[in-house]
Amino acid sequence: MVNLLANVGVWWLEILQRVGRGFLFFIQILTGLPALLMRPGLLIKELYSVGVLSLTIILVSGLFVGMVLGLQFFMTLSRFGAESALSVTVNLTLLRELGPVVTALLFAGRAGSALTAEIGLMKTTEQLSGMEMMAVDPVHRVIAPRFLASVIAMPLLAVLFSVVGILSAWFIGAGLLGVDSGSFWAQMQTSVDWYNDAMNGIYKSIVFGIVVAWIAVFEGYDTIPTSEGVGRATTRTVVNGSLAVLALDFILTSLMFGGI
Amino acid sequence: MEEYIVFDDVHFSRGQRKIFNGMNLAVPKGKTTAIMGPSGTGKTTLLKLIGGLLMPEQGTVHVDGKSVGQLGHDDLFTLRKSMGMLFQSGALLTDESVYENVAYPLREHTKLPEPMLRDLVSMKLEAVGLRGAIDMMPSELSGGMARRVALARSIALDPDLIMYDEPFTGLDPITMSTVVTLIKKLNDALGITSLMVSHDVAETLSIADYCHIISDGKVVVSGTPDELQQSDSEWVQQFLQGRPDGPAPFHYPTAPIAEDLGVKHG
Ligand SMILES: Nc1ncnc2c1ncn2[C@@H]1O[C@H](COP(=O)(O)OP(=O)(O)OP(=O)(O)O)[C@@H](O)[C@H]1O
Ligand SMILES: [Mg+2]
């Protein structure tokens, strides 16, 4: 019994320690950001590998999610003779929720896991220590550009996801199921509020970008330097990143759109 | 004689295991000092303490008059610019070519134009006999070649102090003698302080000015190579001649094997 209590205590202490290290690490990253302005090349390279290389999965997912939304909403709405509301429901769902959230989940799986594995492997093979001994701070040189690139890429990808989703819902609704195309766009203009809906969605994905990127680079940097350690860190990035996104989404939604 | 590195009563542990237990050591400026000792005694740890990659739990490590543990972030990185370190694993950046690896510290800390950079890198690679590998990737190199590239990189900034962690492992006899000559030349011609960890007794004794043998978290014997060879300590003789039996244990400390195998002493 005493043993059990002691174990639980140790477990909690370890978690607290990790969280503490995580916050210190976050501050270290932030101090590394200004120097990046002097070396845009580093950032552009990471924007490519984090952002451009994630385009395929984001666009294809946006396409299918939009088509499914178009179909499902049409079927439900048409039961009440409200097919004309298709535009509003699809647009709001994508801009407020699915765009930012699904993008963040896909991003954690595609780019986040790759970041963790890359950084973790660099640590395991002593490349990070090697940099330190060359008087190059790996947090500034390796971590900060990857972090910032992720934070920039996330909202852009989310916007693309929503745009592709809306277009493919329009294709299903107006193109195949007979909803009036003109009213689809007209409704979008009248009922989607630029600030309330679109911008709030973008704020959400900026927050998701910060959190997912932070988890990914921290897990990589804090890896136990073994092959198993890297594997576990990668898994943790995807699991913790996704859970954090979903939990934060609830909090942000209730703050932004009220209701609670 | 001026001292470049001073360990004063340094304590350091990994988990439960005490690696250094009141370590005292002085490395003179401009000389080649060798550290020898059984595998796993903490030679690599010692170099990492000097570079500030690890911090002592107790005691101080002074490098060039500065206490490494007490330096702030920027001062520590400034100090590191005057150090080169050859890692036991090489620690090359695997996503960059050999050229980019050697050029890395130069790019980060100098503003040399590209052609000059190329010349400098070629010279450093020439010194380790690998100018022909300049455009290869680290994954295409053999173990010994990778370590020579790492050596070229560690001398790229012309540091005041170079730490070599086992510079001779995995080298063929010809390359080995080239590297031995290179280390000697760097030390003689440029007055660099060298600190070398090595198991190759003959090579080490041939270029070192001073040797320290460490074991059990302390320096056991120190002296010039001649003094060591004439030492009448049985331990030192066993170590230098590589005899398996004697006072120095070959095994990492643990319970006797008989206990593990379940044999009872009667
Ligand atoms: N990252 C680590 N975590 C835990 N223990 C470690 C770690 N690195 C080294 N050790 C332990 O510290 C001790 C000293 O390691 P170190 O690498 O300094 O030995 P060494 O003298 O360089 O050995 P070798 O000659 O084999 O390179 C070893 O016994 C090892 O078990
Ligand atoms: Mg070692």
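Small disclaimer: the values here were computed from a predicted structure and weren't measured. (Residues numbered from 1 in each chain as written. Chains lettered and ligands numbered in written order. Predicted model: local features only at pLDDT ≥ 70, side-chain atom pairs only at ≥ 80, totals over all residues. Heavy atoms only, no water.)

On to the pairing of strand β6 (residues 83–86) of chain B, then. Residue and element names in this part refer to chain B. Every second residue of β6 is oriented toward a common face, with M83 and M85 on one face and G84 and L86 on the other, all of them buried. One ladder, built from four bridges, connects β6 with strand β7 (residues 161–165); its direction is parallel. Paired with M83 across the bridge in β7 is L161. (Buried < 20%, exposed > 50% of the residue type's maximum accessible area, 1.4 Å probe, protein only. Helix = DSSP H or I, 4+ residues; strand = E, 2+ residues; numbered from the N terminus. Pairing = 2+ DSSP bridges.)

Next up on the list: the coordination of the magnesium ion (ligand 2). Ideal geometry at a metal centre gives angles of 109.5 degrees when four donors are arranged tetrahedrally and 90 or 180 degrees when six donors are arranged octahedrally. All names here are of chain B. T44 (OG1) and Q88 (OE1) make up the full set of protein donors to the magnesium ion (ligand 2), lying at 1.9 to 2.3 Å. Note that T44 is positioned in helix α1 (residues 43–51) and Q88 in the loop between β6 and α3 (98–109), a separation of 44 residues in sequence. Exposure remark for Q88: the relative accessible area of 37% places this residue in the partly exposed category. (Donors = N, O, S within 2.8 Å, 3.2 Å for Na, K, Ca; no water.)

The subject of this paragraph is the pattern of salt bridges. Tallying each qualifying case throughout the model produces 20 salt bridges over all chains. The salt bridge involving R80 of chain B is made with E132 of chain A; its shortest N-O contact spans 3.2 Å. In this pair, R80 of chain B sits in helix α2 (residues 73–81) while E132 of chain A sits in helix α5 (residues 127–133), so the two residues belong to two different chains. The two residues R80 of chain B and E132 of chain A agree in class, both being buried. R141 of chain A is paired through a salt bridge with E108 of chain B; the nearest N and O atoms lie 2.6 Å apart. Separated into two different chains, R141 of chain A in helix α6 (residues 138–176) and E108 of chain B in helix α3 make up a pair that spans both. (Salt bridge = Lys/Arg side-chain N within 4 Å of Asp/Glu carboxyl O.)

Okay, the packing of helix α3 (residues 55–79) of chain A against helix α4 (residues 86–124) of chain A next. All names here are of chain A. At a minimum axis distance of 10 Å, the contact between α3 and α4 shows a crossing angle of 145°. Crossing geometry of α3 relative to α4 is assigned as right-handed. Across the interface between the two elements, I57, I58, S61, V65, L69, G70, F73, F74 and L77 of α3 pack against L86, T89, V90, T93, L94, L98, T103, L106 and R110 of α4. Split by residue class, the contact of α3 with α4 holds twelve nonpolar, five polar and one charged. (Axes fitted to C-alpha atoms, helices over the stretch in contact; angles between N-to-C directions. Left-handed = near helix turned anticlockwise from the far one by under 90°. Contact = heavy atoms within 4.5 Å. Nonpolar A, V, L, I, M, F, W, Y, C, P; charged D, E, K, R; others polar.)

Okay, the interface of chain A and chain B next. Facing the 17 residues of chain A at the interface are 22 residues of chain B. Counting every contact that joins chain A to chain B gives four salt bridges. Taken together, the connections running from chain A to chain B amount to ten residue pairs in polar contact (both at pLDDT 80 or more). Those elements that provide at least two residues to the side of chain A that touches chain B are α4, α5 and α6 of chain A. A total of six residues in the side of chain A that touches chain B trace back to one element, the largest contributor, which is α5 of chain A. Considering only residue class, the side of chain A that touches chain B consists of six nonpolar, five polar and six charged. (Polar contact = N/O pair within 3.5 Å; in protein donor to acceptor, adjacent residues only side chain to side chain.)

Turning to the site of ligand 1, a few remarks are in order. Residue and element names in this part refer to chain B. Inspection of the region around ligand 1 gives 14 residues, with S39, K43, T44, T45 and Q88 positioned closest. In the model, an oxygen atom of ligand 1 is placed 2.4 Å from a nitrogen or oxygen of the S39 side chain. In this structure, H199 approaches ligand 1 through a side-chain N or O atom, which is 3.1 Å from an oxygen atom. In isolation ligand 1 offers 630 Å² of accessible surface; the protein chains occlude 66% of this area. Ranked by residues supplied to the shell around ligand 1, first place goes to α1 with three residues. Of the residues contributing to the shell around ligand 1, the split by class is two nonpolar, eight polar and four charged. (Near = heavy atom within 4 Å. Areas by Shrake-Rupley, 256 points an atom, 1.4 Å probe, with all protein chains shown as cover.)

Quick look at the sheet that holds strand β1 (residues 3–14) of chain B now. Residues and elements named next belong to chain B. Taken together, the four strands give an open sheet; going across it, the order is β2-β1-β4-β5, and neighbouring strands pair in antiparallel fashion. Where the open sheet ends on each side, the last strands, each with one partner, are β2 (17–28) and β5 (66–67). Alignment of β1 against β2, held across nine bridges, turns out to be antiparallel. Of the residues in β2, the one forming a bridge with S13 is K18.

Attention now moves to the pairing of β7 of chain B. All names here are of chain B. Where burial is concerned, most of β7 is hidden: five out of the five residues are buried. Here β7 shows no split at all, with L161, M163 and D165 on one side and I162 and Y164 on the other all buried. Pairing geometry for β7 and strand β8 (residues 193–197), over five bridges, is parallel. Across the sheet, M163 pairs through a bridge with L195, a residue of β8. Crossover β7 to β8 through helix α6 (residues 173–190) is right-handed. (Right-handed = clockwise from strand over helix to strand, strands pointing away.)

What follows covers the confidence of the model for chain B. Confidence in the prediction for chain B averages 88 pLDDT; 94% of positions are at 70 or higher. This prediction of the complex comes with two scores: 0.89 for pTM and 0.86 for ipTM. (pLDDT = per-residue confidence, 0-100.)

Turning our attention to the environment of G69 of chain B. Residue and element names in this part refer to chain B. Within the element layout of this structure, G69 appears in the loop between β5 and α2. Relative accessible area serves as the criterion here: at 41%, G69 is assigned to the partly exposed category. Distance in space between the C-alpha atoms of G69 and G59 is 9.4 Å, their sequence separation being ten residues.

Here the focus is the nonpolar core. The biggest cluster of nonpolar side chains holds 54 residues, and the ones touching the most others in it are I29, F107, I143, F147 and V217 of chain A. Elements with a minimum of two residues in this core: α1 (2–36), α2 (40–50), α3, α4, α5, α6, α8 (194–221) and α9 (227–256) of chain A. Among the nonpolar cores identified, the runner-up in size contains 48 residues, and L106, V121, L125 and V180 of chain B belong to it. (Core = buried A, V, L, I, M, F, W, Y, C linked by side-chain atoms within 4.5 Å.)

Attention now goes to α8 of chain A. At 3.6 residues per turn, the α-helix brings residues three or four places apart onto the same side. For α8 of chain A, which comprises 28 residues, the first-to-last C-alpha distance of 39 Å matches the rise-based estimate of 40 Å (1.5 Å per residue) to within 8%. Along its length, α8 of chain A shows its largest kink, about 25°, at N200 of chain A. (Expected span 1.5 Å × (residues − 1). Bend = angle between axes of the 7 residues up to and from the residue.)

What follows concerns the sheet that holds β8 of chain B. All names here are of chain B. Read from one edge to the other, the open sheet built from six strands follows the order β6-β7-β8-β3-β9-β10, with strand pairing classed as mixed. Looking at the sheet topology across the chains shown, the edges are occupied by β6 and β10 (218–223). The average undirected angle you get between the axes of adjacent strands in this sheet is 15°. Two strands pair when backbone bridges link them, and strand β9 (residues 210–215) and β10 are joined in this way by five bridges, in the antiparallel orientation. Paired with C211 across the bridge in β10 is G223.

Residues and elements named next belong to chain A. For the pair α4 and α6, the least separation of the axes is 7 Å and the interaxial angle reads 145°. Seen from above, α4 lies across α6 with right-handed handedness. When grouped by side-chain class, the residues that make up the contact of α4 with α6 number 22 nonpolar, seven polar and two charged.

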